Amino acid sequence: MEVLKQKIREQGVVISDNVLKLDALLNHQIDPALTMQMGREFAAKFSEDGVTRIITVESSGIPVAFATAAEMGVPLVFARRKKTLLADPDAYCERVPSFTKGIVTDIMVSREFIGPEDRILFIDDIIANGDAAKGVIKIIERSGAELVGFGVVVEKCFQSGASTLREQGIRVESLAKIKSLSDGKVHFD
(Lines give C-alpha, C1' and ligand atoms only; values in the text may rest on other atoms or scores of the structure.)
Protein backbone atom coordinates (compact mmCIF):
# COMPACT_ATOMS: atom_id res chain seq x y z
CA MET A 1 0.00 0.00 0.00
CA GLU A 2 1.89 3.01 -1.26
CA VAL A 3 -0.15 5.57 0.72
CA LEU A 4 0.67 3.70 3.92
CA LYS A 5 4.37 3.57 3.09
CA GLN A 6 4.36 7.31 2.42
CA LYS A 7 2.66 8.01 5.76
CA ILE A 8 5.23 5.80 7.53
CA ARG A 9 8.05 7.74 5.84
CA GLU A 10 6.49 11.07 6.84
CA GLN A 11 5.22 10.28 10.35
CA GLY A 12 7.19 7.27 11.58
CA VAL A 13 10.05 7.85 13.99
CA VAL A 14 12.98 5.43 13.93
CA ILE A 15 14.02 4.97 17.57
CA SER A 16 16.69 2.32 16.90
CA ASP A 17 17.58 -0.38 14.39
CA ASN A 18 14.76 -2.47 15.93
CA VAL A 19 12.10 0.05 17.00
CA LEU A 20 9.83 2.20 14.84
CA LYS A 21 7.44 4.58 16.60
CA LEU A 22 4.15 4.93 14.74
CA ASP A 23 2.22 6.94 17.33
CA ALA A 24 1.14 9.57 14.79
CA LEU A 25 -0.34 6.89 12.55
CA LEU A 26 -1.39 3.74 14.44
CA ASN A 27 -0.54 3.61 18.12
CA HIS A 28 -1.73 6.89 19.63
CA GLN A 29 -3.35 8.99 16.92
CA ILE A 30 -5.53 7.40 14.24
CA ASP A 31 -5.96 8.57 10.65
CA PRO A 32 -9.61 7.53 10.04
CA ALA A 33 -9.49 7.69 6.23
CA LEU A 34 -6.27 5.67 6.05
CA THR A 35 -7.57 3.20 8.64
CA MET A 36 -10.74 2.58 6.63
CA GLN A 37 -8.64 2.17 3.48
CA MET A 38 -6.49 -0.45 5.27
CA GLY A 39 -9.67 -2.23 6.38
CA ARG A 40 -10.91 -2.35 2.78
CA GLU A 41 -7.53 -3.71 1.67
CA PHE A 42 -7.62 -6.56 4.22
CA ALA A 43 -11.27 -7.29 3.43
CA ALA A 44 -10.41 -7.62 -0.26
CA LYS A 45 -7.44 -9.91 0.45
CA PHE A 46 -9.58 -12.28 2.55
CA SER A 47 -12.95 -11.86 0.81
CA GLU A 48 -13.09 -15.47 -0.42
CA ASP A 49 -12.22 -17.11 2.92
CA GLY A 50 -15.62 -17.25 4.61
CA VAL A 51 -14.52 -15.13 7.57
CA THR A 52 -17.11 -15.15 10.39
CA ARG A 53 -15.19 -13.09 12.94
CA ILE A 54 -12.17 -10.77 13.22
CA ILE A 55 -9.83 -10.96 16.21
CA THR A 56 -7.09 -8.60 17.37
CA VAL A 57 -5.15 -7.65 20.49
CA GLU A 58 -5.99 -4.68 22.71
CA SER A 59 -5.37 -1.86 21.90
CA SER A 60 -3.42 -0.74 18.83
CA GLY A 61 -4.88 -3.41 16.56
CA ILE A 62 -8.46 -2.39 17.26
CA PRO A 63 -8.93 0.47 14.74
CA VAL A 64 -7.72 -1.47 11.68
CA ALA A 65 -9.46 -4.66 12.85
CA PHE A 66 -12.68 -2.65 13.30
CA ALA A 67 -12.37 -1.18 9.80
CA THR A 68 -11.85 -4.68 8.39
CA ALA A 69 -14.80 -6.10 10.35
CA ALA A 70 -17.05 -3.24 9.22
CA GLU A 71 -16.06 -3.79 5.60
CA MET A 72 -16.63 -7.57 5.87
CA GLY A 73 -19.83 -7.26 7.90
CA VAL A 74 -18.64 -9.56 10.70
CA PRO A 75 -18.11 -9.08 14.46
CA LEU A 76 -14.78 -8.01 15.96
CA VAL A 77 -13.49 -9.49 19.21
CA PHE A 78 -10.30 -8.33 20.85
CA ALA A 79 -8.02 -10.10 23.29
CA ARG A 80 -7.98 -8.07 26.49
CA ARG A 81 -4.70 -7.33 28.22
CA LYS A 82 -6.24 -6.46 31.59
CA LYS A 83 -8.67 -8.37 33.73
CA THR A 84 -11.74 -6.47 34.83
CA LEU A 85 -14.20 -7.21 37.61
CA LEU A 86 -16.61 -8.47 34.97
CA ALA A 87 -14.06 -10.64 33.14
CA ASP A 88 -15.09 -14.20 32.29
CA PRO A 89 -13.26 -16.38 34.85
CA ASP A 90 -13.27 -19.21 32.29
CA ALA A 91 -11.80 -17.13 29.44
CA TYR A 92 -9.09 -18.43 27.15
CA CYS A 93 -5.85 -16.97 28.49
CA GLU A 94 -2.25 -16.88 27.28
CA ARG A 95 0.81 -15.22 28.78
CA VAL A 96 2.78 -13.24 26.18
CA PRO A 97 5.84 -10.99 26.22
CA SER A 98 5.55 -7.57 24.56
CA PHE A 99 8.53 -6.54 22.43
CA THR A 100 7.85 -2.79 22.60
CA LYS A 101 6.66 -2.67 26.21
CA GLY A 102 9.36 -4.99 27.54
CA ILE A 103 6.88 -6.76 29.85
CA VAL A 104 4.91 -9.99 30.00
CA THR A 105 1.11 -9.75 30.05
CA ASP A 106 -1.85 -12.06 29.94
CA ILE A 107 -4.22 -11.82 27.00
CA MET A 108 -7.77 -13.09 27.42
CA VAL A 109 -10.72 -13.86 25.15
CA SER A 110 -14.10 -14.89 26.55
CA ARG A 111 -15.25 -18.34 25.45
CA GLU A 112 -18.56 -16.65 24.68
CA PHE A 113 -17.14 -14.89 21.63
CA ILE A 114 -15.17 -17.54 19.71
CA GLY A 115 -15.91 -21.19 19.08
CA PRO A 116 -15.54 -24.16 16.72
CA GLU A 117 -18.04 -22.72 14.21
CA ASP A 118 -15.84 -19.67 13.57
CA ARG A 119 -13.50 -18.93 10.68
CA ILE A 120 -11.30 -16.23 12.17
CA LEU A 121 -9.20 -13.54 10.53
CA PHE A 122 -6.55 -12.13 12.86
CA ILE A 123 -5.69 -8.46 12.17
CA ASP A 124 -2.93 -6.56 13.99
CA ASP A 125 -0.93 -3.36 13.69
CA ILE A 126 2.71 -4.52 13.78
CA ILE A 127 4.51 -7.85 13.92
CA ALA A 128 8.06 -7.99 15.24
CA ASN A 129 8.91 -11.19 17.12
CA GLY A 130 5.32 -12.40 16.96
CA ASP A 131 4.83 -13.27 20.63
CA ALA A 132 1.38 -11.67 20.90
CA ALA A 133 0.38 -13.27 17.60
CA LYS A 134 1.46 -16.70 18.85
CA GLY A 135 -0.62 -16.18 21.99
CA VAL A 136 -3.75 -15.24 20.03
CA ILE A 137 -3.22 -18.19 17.68
CA LYS A 138 -3.03 -20.56 20.67
CA ILE A 139 -6.32 -19.13 21.94
CA ILE A 140 -7.92 -19.64 18.51
CA GLU A 141 -6.66 -23.23 18.38
CA ARG A 142 -7.93 -23.98 21.89
CA SER A 143 -11.36 -22.61 20.96
CA GLY A 144 -11.63 -25.04 18.05
CA ALA A 145 -12.09 -22.19 15.59
CA GLU A 146 -10.23 -22.08 12.29
CA LEU A 147 -7.67 -19.36 11.62
CA VAL A 148 -8.02 -18.36 7.96
CA GLY A 149 -5.14 -15.89 8.02
CA PHE A 150 -3.24 -13.07 9.65
CA GLY A 151 -3.35 -9.53 8.27
CA VAL A 152 -0.81 -7.07 9.62
CA VAL A 153 -0.38 -3.41 8.82
CA VAL A 154 3.42 -3.36 9.29
CA GLU A 155 5.67 -6.40 9.06
CA LYS A 156 9.21 -5.97 10.36
CA CYS A 157 10.88 -8.49 8.04
CA PHE A 158 14.17 -8.30 9.93
CA GLN A 159 12.50 -9.88 12.98
CA SER A 160 11.23 -13.45 12.99
CA GLY A 161 7.52 -13.09 13.81
CA ALA A 162 5.89 -13.20 10.37
CA SER A 163 8.32 -15.74 8.92
CA THR A 164 7.66 -18.07 11.88
CA LEU A 165 3.92 -17.86 11.22
CA ARG A 166 4.44 -18.56 7.51
CA GLU A 167 6.60 -21.58 8.39
CA GLN A 168 3.63 -22.90 10.40
CA GLY A 169 1.50 -22.70 7.26
CA ILE A 170 -0.39 -19.57 8.32
CA ARG A 171 -1.29 -17.16 5.54
CA VAL A 172 0.23 -13.75 6.35
CA GLU A 173 -0.76 -10.64 4.41
CA SER A 174 1.16 -7.42 5.13
CA LEU A 175 0.29 -3.92 3.94
CA ALA A 176 3.86 -2.64 4.42
CA LYS A 177 7.01 -4.73 4.78
CA ILE A 178 10.02 -3.11 6.38
CA LYS A 179 13.37 -4.75 5.64
CA SER A 180 15.42 -2.54 7.96
CA LEU A 181 15.56 0.58 10.10
CA SER A 182 19.26 1.17 9.52
CA ASP A 183 20.77 4.66 9.33
CA GLY A 184 17.70 6.05 11.13
CA LYS A 185 15.52 5.46 8.04
CA VAL A 186 12.70 3.12 7.10
CA HIS A 187 13.72 0.77 4.28
CA PHE A 188 10.81 -1.09 2.69
CA ASP A 189 11.01 -4.55 1.22
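What comes next is a walk through the structure. These numbers come from a predicted model, not from an experiment. (Residues numbered from 1 in each chain as written. Predicted model: local features only at pLDDT ≥ 70, side-chain atom pairs only at ≥ 80, totals over all residues. Heavy atoms only, no water.)

## Topic: the sheet that holds strand 3 (residues 53-57)
Inclusion rule: Strands qualify as paired when DSSP identifies two bridges or more between them. Helix and strand assignments follow DSSP, with helices taken as H or I runs no shorter than four residues and strands as E runs no shorter than two, numbered in order from the N terminus. We call two residues contacting when some pair of their heavy atoms lies within 4.5 Å. Note on geometry: axes are C-alpha line fits, over the in-contact stretch for helices, and angles between N-to-C directions span 0 to 180 degrees.
Strand order across the open sheet formed by six strands is 4-3-7-8-9-10, with mixed pairing between neighbours. The sheet is open, and its two borders are formed by strand 4 (76-79) and strand 10 (187-188), each paired with just one other strand. Here strand 9 (residues 172-180) pairs with strand 10 via two bridges, running antiparallel. Bridging across to strand 10, I178 finds its partner in F188. Of the strands in this sheet, strand 8 (146-156), strand 9 and strand 10 are in contact with helix 1 (residues 2-11), which crosses strand 9 at around 40 degrees. Sitting on the sheet, helix 5 (residues 131-143) touches strand 3, strand 4, strand 7 (119-127) and strand 8, and the angle it makes with strand 7 is about 170 degrees.

## Some points on the side chain of S110
Along the polypeptide, S110 turns up in the loop between strand 6 (103-109) and strand 7. Residues within four places of S110 in sequence aside, it is in contact with D88 and A91.

## Regarding helix 1
Note the threshold: Each residue is assigned to one of three classes by its accessible area relative to the maximum for its type, calculated with a 1.4 Å probe on protein chains only: buried under 20%, partly exposed between the two thresholds, exposed over 50%. By definition, the arc is the one covered by directions from the helix axis to the C-beta atoms.
Looking only at helix 1, the buried set comprises L4, K5 and I8. An end-on view of helix 1 places all buried positions within 100 degrees of arc, on one side of the element. Residues of helix 1 that are exposed and point over 90 degrees away from its buried face: E2 and E10. Considering only its buried residues, helix 1 is in contact with strand 2 (20-21), helix 2 (23-27), helix 3 (32-45), strand 8, strand 9 and strand 10.

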